[in-house]
There are 2 protein chains.
Amino acid sequence: MEPRKRPGRTPAQGGRTARPRQAEVARLAGVSQATVSLVLSPKPDGKGRLISEETRRRVLEAARSLGYVPDPAARRLAAARNNLLGVFSFTATFPTDVQHSYYPFLVGVEREAAALGYDLVLFTGSSTGGAGAAGPDALSRVRLADGCLFIGRHTPRAELKRLVEDGFPVVHLGRREELEGVAWVGADYVEATRGVVAHLAELRHRRIVLVREDDDAPASADRQRGFLEGLEAAGLASGPAAVFRSADPQRELTPERLRAWADEGVTAFVAEETDTGAAWRGLLSAVRAAGLDCPGDVSLALLGSPPSDLASEPVPTGFDIPRPQLGAAAVRLLAALVAGEEEAREPLVGCAFRPGPTTGPPRART
Amino acid sequence: MEPRKRPGRTPAQGGRTARPRQAEVARLAGVSQATVSLVLSPKPDGKGRLISEETRRRVLEAARSLGYVPDPAARRLAAARNNLLGVFSFTATFPTDVQHSYYPFLVGVEREAAALGYDLVLFTGSSTGGAGAAGPDALSRVRLADGCLFIGRHTPRAELKRLVEDGFPVVHLGRREELEGVAWVGADYVEATRGVVAHLAELRHRRIVLVREDDDAPASADRQRGFLEGLEAAGLASGPAAVFRSADPQRELTPERLRAWADEGVTAFVAEETDTGAAWRGLLSAVRAAGLDCPGDVSLALLGSPPSDLASEPVPTGFDIPRPQLGAAAVRLLAALVAGEEEAREPLVGCAFRPGPTTGPPRART
DNA sequence: TTGTATGCGTTATCAA
DNA sequence: TTGATAACGCATACAA
């Protein structure tokens, strides 16, 4: 039986012109398809040109005139590379609720990817139940890319581990030490928080309280750790009493509570930054409701950046998470993994201390 | 010559264990590779099961025990499509300056793409070297996807046309009627603006002035057209005098000018929305500087949404551009083109009228 | 109902 | 220096 023309092909392929293939470039240039491949995929092997300058020119010209672009799927199948980096977030990458946006990270991710010569594939998460929905192989689609960046707290561990075990380059944006073998890049919340505490201690605050949400995320734990370490370093009383942990700070952080603390000699509060900003919001409103002056009566600091809807307020003392830099660092690491380099870089990115008008020396006690 | 073991394979493929293939699943289940494929990729064709329940079970069991996951590259290669939609913006997709961001569109783009089973490839036109260098064939890279969405005012016409001529599915986000053959999806500024004028006319305003920037973008032209049509429909005097066009409204829109208009009987102003929001800003500050009360002395309307940094101000009367919906509509259209369907849908998306506190009946003239 | 054969577009090997 | 050719893993038309 002789070969069919195009078996395995759905009949209604669409009436449009197919994308140009290497074979067509070859015909136009009067060479073989393999030659086209050689010309078009420069070997970094350092091997000198095996193709004559003349042929080379003709092939390039033909490719250009045809608008040829290599098929990423075929490339990967042939065990080559795509120049495609994946970005996968379990929740929507562009949520309607801008509060949870990964936008600032993406700024850095895009810039760095472009600089390194990669395009980005945004794998639409399972949020909408669309592309990859919830199936166990939802994450599998990312294998189309050369490597993939994961963002968000809720990355399914098993799937991620599977990818890593298969040798697929993966980088997680955000600390993920529990996931063994998963490379990650994160902000150094511990150090940054220590810095904020040190700042308050220098101002002569003696009792400081951390307001945090009831969440087990590494980001929360890190801040608490940095907080306690900071207290110790300053020779201040630490202990669980210094941490106020609440599932709903905006409710449970009452003005009475605040006054009680003040009476006990607490002169400063630090709140963690989270998606919702609940801790900080709760703290702010409680202070106001209690009629306390800031920074006169109490100093306030935010362990992160203020929510965007509070943009009209003065920017509080705290630190800035360098999200674009984080994104860029993650891409650099991922690119290194893709290139087969051993992972050997500092995964922590420092946060810059941000002075602000919400902290000052405590009022002398009477 | 007998077949090599794994030719075309780079020798140092990595020491990692290869993932299971359909062939291995087949061996374990005692069936052929094709059968495995049949079982594992359910056809939505509605065709009943061609595979016996027994075989089916065995295959699934074998696949599970081996931890089989399909290779997306192979799958896409065989299917002759990527399930990838490109998104191309001439400026960075994620600019540092959030003002100019396409974020709201992307929200809808992502959601709809996910719903339709597509992933997104982000192309950056302005990228600094790297992937998308600035070459004339920069746009050519988008051919890697099954189709591409273009966003922004500055899409190079020639390149776009070339893509379309080659039968590559292209959709432009924003009206682009000059570019023949280029499918587009846009907001119906004409109709929306007419609505705003009608609203003012109903309030009994008799003289209304449009403040616009000196830009030839379709978006500006459409608003002007809708404005003039709205005036006519209400039986009001139109003509060029009703349009104030300025390259720098924030400078040229002086309080004196405003007073002069008021003296002439102008009781309402509408300003177009642009990237910078210059028209609206200029109008607002001039009204304030002139000491005019709004909506007492003058009614103001904004043909679009207010800039985010004016979030603290009351939201003016006007209309909302449904950006997420626009993005979604564009993706739907693009998907239809990719699927080979003839383009046959309404490219205009309506804008919702937004009542606000900045308009009211004009003060009775003395 | 299942197996066989073939090709999707690319890279890489080997012979010419 | 270039041209055949064999896979990569999967999906399908067709035969059995």
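Per an unreviewed UniProt entry, chain A carries the name LacI family DNA-binding transcriptional regulator and comes from Streptomyces osmaniensis.

### Some thoughts on the overall build of chain A
When its secondary structure is counted, chain A shows 12 helices and 12 strands. Buried positions account for 49% of the 366 residues belonging to chain A. For chain A, long-range pairs separated by at least 24 residues make up 69% of all intrachain contacts whose partners lie at least 6 apart in sequence. Element-wise, carbon and sulfur atoms account for 52% of the exposed surface of chain A, whose accessible area totals about 17200 Å².

### Focus: the packing of helix H1 (residues 22-29) of chain A against helix H3 (residues 53-66) of chain A
Any two packed helices are characterised by the angle at which their axes cross and by the distance between the axes. Residue and element names in this part refer to chain A. Following both chains from N to C, one finds H1 and H3 inclined at 125°, their axes separated by 9 Å at the closest point. As the angle between them shows, H1 and H3 are arranged oblique. Here H1 and H3 pass one another in a crossing that is right-handed. Of the residues in H3, those touching H1 at Glu-24, Val-25, Leu-28 and Ala-29 are Arg-58, Val-59, Ala-62, Ala-63, Ser-65 and Leu-66.

### Here's the deal with the sheet that holds strand S2 (residues 119-123) of chain A
The pairing of strands in a sheet happens through backbone hydrogen bonds and is either parallel or antiparallel. What the 12 strands build is an open sheet, ordered S11(A)-S5(A)-S4(A)-S3(A)-S1(A)-S2(A)-S2(B)-S1(B)-S3(B)-S4(B)-S5(B)-S11(B); its pairing is mixed. Because the sheet does not close on itself, it has two edges, and the strands there are strand S11 (348-349) of chain A together with strand S11 (348-349) of chain B. When strand S3 (residues 147-151) of chain B meets strand S4 (residues 170-173) of chain B, the two strands line up parallel, connected through 4 bridges. Along S4(B), the bridge assignment pairs Phe150(B) with His172(B). Helix-sheet contacts for helix H5 (residues 103-116) of chain A involve strand S1 (84-89), S2, strand S3 (147-151) and strand S4 (170-173) of chain A together with strand S2 (119-124) of chain B, and the interaxial angle to S2(A) is about 140°. Against the sheet, helix H6 (residues 157-165) of chain A touches S3 and S4 of chain A, its axis set at about 145° to S4(A).

### A look at the environment of Ala262(B)
Relative to the helices and strands, Ala262(B) resides in helix H10 (residues 255-264). Here Ala262(B) falls in the partly exposed class, since its relative accessible area comes to 25%.

### Some points on the sheet that holds strand S8 (residues 268-272) of chain B
All names here are of chain B. Pairing is mixed in the open sheet, where 6 strands are placed in the order S7-S6-S8-S9-S10-S12. Unpaired on one side and paired on the other, strand S7 (243-246) and strand S12 (352-354) mark the two borders of the sheet. With direction set aside, neighbouring strand axes in the sheet form an average angle of 20°. Two elements, S8 and strand S9 (residues 299-303), share 5 bridges in a ladder whose sense is parallel. Directly across from Val-270, in S9, lies its bridge partner Ala-301.

### Comments concerning the pattern of salt bridges
Residue and element names in this part refer to chain B. Enumeration according to the criterion identifies 42 salt bridges over all chains in this entry. A salt bridge links Asp-71 to Arg-19; the shortest N-O distance between them is 3.7 Å. Linking Asp-71 in the loop between helix H3 (53-66) and helix H4 (72-79) with Arg-19 in the segment before helix H1 (22-29), this pair joins segments that are 52 residues apart in sequence. Assigned by exposure class, Asp-71 and Arg-19 land together as buried.

### Quick notes on the confidence of the model for chain A
All names here are of chain A. Averaged over all residues, the pLDDT of chain A is 85; the fraction at 70 or higher stands at 86%. Under a pLDDT of 50 for its full length, residues 1-15 has, in the predicted model, 4 contacts with residues more than four places off or in other chains. For the stretch residues 127-134, pLDDT sits under 50, and the model shows 17 contacts to residues farther than four places along the chain or on other chains.

### Details of the packing of helix H7 (residues 189-202) of chain B against helix H8 (residues 218-233) of chain B
Residue and element names in this part refer to chain B. It is the contact of H7 with H8, at a shortest axis distance of 7 Å, that shows an interaxial angle of 40°. The angle between H7 and H8 falls in the class oblique. H7 and H8 meet at a crossing whose hand is right-handed. Along the contact surface, H7 presents Tyr-189, Val-190, Thr-193, Arg-194 and Val-197, while H8 presents Ala-219, Asp-222, Arg-223, Arg-225, Gly-226, Phe-227, Glu-229, Gly-230 and Leu-231.

### Focus: the packing of aromatic side chains
Residue and element names in this part refer to chain A. Overall, the coordinates contain 9 aromatic pairs over all chains when judged by the stated rule. Each member of the aromatic cluster is reached from another via a ring pair, and the members are Phe-244, Trp-261 and Phe-269. Positioned above the aromatic ring of Trp-261 is the side chain of Arg-257, whose terminal nitrogen or guanidinium carbon lies 4.9 Å from the ring centre.

### Considering helix H2 (residues 33-40) of chain B
Residues and elements named next belong to chain B. Of all the residues in H2, the buried ones are Thr-35, Val-36, Val-39 and Leu-40. The buried side chains of H2 occupy one side of the element, clustering within an arc of 125° when seen end-on. On its buried face, H2 is in contact with H1, H3 and H4.

### Details of helix H12 (residues 323-338) of chain B
Look at H12(B): 22 Å from first C-alpha to last across 16 residues, which is about the 22 Å you get at 1.5 Å a residue. Backbone geometry just downstream of H12(B) places Gly340(B) in the positive-phi region, at approximately 85°.

### Let's talk about unusual backbone geometry
Cys294(A) connects to Pro295(A) through a cis peptide bond whose omega is 5°. Its place among the elements puts Pro295(A) in the loop between helix H11 (278-289) and strand S9 (299-303).

### Some thoughts on the pairing of S2(A)
With 5 of 5 residues buried, S2(A) lies mostly within the body of the structure. Going residue by residue along S2(A), you find Asp119(A), Val121(A) and Phe123(A) tucked away on one face and Leu120(A) and Leu122(A) tucked away on the opposite face as well. Two elements, S1(A) and S2(A), share 5 bridges in a ladder whose sense is parallel. In the strand pairing of S2(A), Leu85(A) is matched with Leu120(A). Of the pairings in the sheet, the one linking S2(A) to S2(B) comprises 3 bridges and is antiparallel in character. Following the sheet pairing, Leu120(A) is matched in S2(B) by Leu122(B).

### Examining the side chain of Glu273(B)
Residue and element names in this part refer to chain B. Here Glu-273 shows up in the loop between S8 and helix H11 (278-289). A polar side-chain atom of Glu-273 sits 2.7 Å from the main-chain amide nitrogen of Ser-305. A distance of 2.7 Å separates the side chain of Glu-273 from the side chain of Arg-323, its partner in a polar contact. What Glu-273 contacts, discounting residues up to four positions off in sequence, is Arg-223, Leu-302, Leu-303, Gly-304, Ser-305, Ile-321 and Arg-323.

### With respect to the side chain of Thr317(A)
Residue and element names in this part refer to chain A. Its location among the elements puts Thr-317 in strand S10 (residues 317-320). Assessed through its relative accessible area of 0%, Thr-317 is described here as buried. Every residue in contact with Thr-317, bar those within four places of it in the chain, is listed here: His-199, Leu-300, Ala-301, Leu-302, Phe-353, Arg-354, Pro-355, Gly-356, Pro-357, Thr-358 and Thr-359.

### A short note on the environment of Arg354(A)
Residue and element names in this part refer to chain A. Looking at the element boundaries, Arg-354 is found in strand S12 (residues 352-354). On the basis of relative accessible area, Arg-354 is assigned to the buried category, the value being 8%. C-alpha separation for the pair Arg-354 and Glu-191, spaced 163 residues apart in sequence, amounts to 14 Å. In contact with Arg-354, other than residues within four places in its own chain, are Leu-302, Gly-304, Ser-305, Pro-306, Val-315, Pro-316, Thr-317, Gly-318, Phe-319 and Asp-320. Looking at Arg-354, its side chain comes within polar contact range of the main-chain oxygen of Pro-316, at 2.8 Å.

Conventions adopted
Along each chain, residue indices are assigned from 1 in the same order as the chain's sequence is written. Note on labels: chains are lettered from A, ligands numbered from 1, in written order. Under the rules for a predicted model, residues below a pLDDT of 70 receive no local features and side-chain atom pairs below 80 are neither given nor counted, while totals for whole chains, interfaces and linings still include all residues. Side-chain figures throughout are based on the complete set of non-hydrogen atoms in the structure, without hydrogens or water. Segments assigned H or I by DSSP are reported as helices when at least four residues long, segments assigned E as strands when at least two residues long, and all are numbered from the N terminus. The cut-offs for exposure are 20% and 50% of the maximum accessible area for each residue type, with area from a 1.4 Å probe on protein chains only; residues under the lower value are buried, those over the upper are exposed, and the others partly exposed. Contacts are assigned to residue pairs with any non-hydrogen atoms lying within 4.5 Å of each other. Using the Shrake-Rupley algorithm and a 1.4 Å probe, accessible areas are obtained, with residue cover drawn only from the displayed protein chains. Each axis is a line fitted through C-alpha atoms, and for a helix only the stretch in contact is used; angles between axes span 0 to 180 degrees, taken between their N-to-C directions. Our angle categories are set so that under 35 degrees counts as roughly parallel, over 145 as roughly antiparallel, 65 to 115 as roughly perpendicular, and the remainder as oblique. Handedness of a crossing is defined here by the sense of rotation of the near helix relative to the far one, left-handed for an anticlockwise turn of less than a right angle and right-handed for a clockwise turn. DSSP-based pairing: two strands are paired if at least 2 bridges between them are found. Should a side-chain nitrogen of Lys or Arg be within 4 Å of a carboxyl oxygen of Asp or Glu, the pair is scored as a salt bridge. The pLDDT score gives, residue by residue, the confidence of the prediction method on a 0 to 100 scale. Any pair of Phe, Tyr and Trp rings, taking the six-membered ring for Trp, is counted once the centres come within 6.5 Å. Such a pair is stacked with planes under 30 degrees apart, edge-to-face with planes over 60 apart, and tilted for the rest. Either the NZ atom of lysine or the CZ atom of arginine qualifies as a charge over a ring when it sits within 6 Å of the ring centre and within 35 degrees of the ring normal. Throughout, the arc means that of the directions going from the helix axis to the C-beta atoms. The span expected for a helix works out to 1.5 Å for each residue beyond the first. Between N or O atoms, a polar contact is any pair within 3.5 Å; within protein, one atom must be a potential hydrogen donor and the other a potential acceptor, and residues adjacent in sequence are included only when both atoms are from side chains.

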